[in-house]
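The chain contents come next:
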Amino acid sequence: MKTEVYLSVLAEKQAETLRGADLRAFVAFVGDLEARGCAALGYRLTGELPVNRLCVKHLRAAMRVVVAFEGLGRSWILMLGPHDERNRTHDVYTSLWQVCGLHEPPVGERTEPACCDGDGAGPNLTEIDDLVARCRDLAKPSRRRGREN
């Protein structure tokens, strides 16, 4: 089944910075997501709502992409970027927890279940408008307070 793919404002900005092999991997992934839906993803995250409705794909090396499904045949790429536990300010999961309203990563065992449910559909997320809006807010440039030199 063909899947419509949308990118959040944050994902668009992040995709614009990709070059070379990272860009090729992302373009190939988007095509695969359009063609195969949730089967193109690696696993679903574990944790409370909305985290447990989000799926992740390892693109190449440390590069990850986070996707949410809105009903049948529609997906949103929320964000993409490197997973770097040594540099939390640039870690894709740090941004994801912020968008999900969490101050820390979810606790508990990470089981990484398949993204697709038993019926072959992606996990439906009804709160997607809020996540997309939070991604847009995160994409806005931060403003410096005070005088600039």
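Located above this text is the structure these notes cover.
About the criteria used
- Residues numbered from 1 in each chain as written.
- Predicted model: local features only at pLDDT ≥ 70, side-chain atom pairs only at ≥ 80, totals over all residues.
- Heavy atoms only, no water.
- Pairing = 2+ DSSP bridges.
- Helix = DSSP H or I, 4+ residues; strand = E, 2+ residues; numbered from the N terminus.
- Contact = heavy atoms within 4.5 Å.
- Axes fitted to C-alpha atoms, helices over the stretch in contact; angles between N-to-C directions.
- Disulfide = S-S within 2.5 Å.
- Buried < 20%, exposed > 50% of the residue type's maximum accessible area, 1.4 Å probe, protein only.

**Brief notes about the sheet that holds strand 3 (residues 54-60)**
The strand order across the open sheet built from five strands is 1-5-4-3-2, with neighbouring strands paired in mixed fashion. At either end of the open sheet lies a strand with only one pairing partner, and these are strand 1 (4-7) and strand 2 (43-44). Bridge analysis of strand 2 against strand 3 gives two bridges, and the strand direction is antiparallel. In the strand pairing of strand 3, Tyr 43 is matched with Val 56. In this fold helix 3 (residues 92-99) packs onto strand 2, strand 3, strand 4 (63-69) and strand 5 (74-82), with an angle of close to 135° to the strand it touches most, strand 5. Here helix 4 (residues 128-139) sits on the sheet in contact with strand 3, strand 4 and strand 5, set at roughly 35° to strand 5.

**Observations concerning the state of the cysteines**
Applying the stated criterion across every chain yields a total of two disulfides. The side chain of Cys 38 participates in a disulfide bridge whose partner is Cys 116; the two sulfur atoms lie 2.0 Å from each other. Its S-S torsion of about 115° marks the bond between Cys 38 and Cys 116 as right-handed, since a negative value means left-handed. In this pair, Cys 38 sits in the loop between helix 2 (20-36) and strand 2 while Cys 116 sits in the loop between helix 3 and helix 4, placing the two residues 78 residues apart along the sequence. With its sulfur 2.0 Å from that of its partner, Cys 55 forms a disulfide with Cys 115. Between Cys 55 and Cys 115 the disulfide shows an S-S torsion of about 90°. By sign, it is right-handed. One end of the pair, Cys 55, is in strand 3; the other, Cys 115, is in the loop between helix 3 and helix 4, and 60 residues separate them in sequence. In terms of burial, Cys 55 and Cys 115 fall into one category: buried. Here Cys 100 is not cross-linked by a disulfide; its sulfur's nearest cysteine counterpart is in Cys 135, at 8.2 Å. Overall, the relative accessible area of 0% leaves Cys 135 in the buried class.

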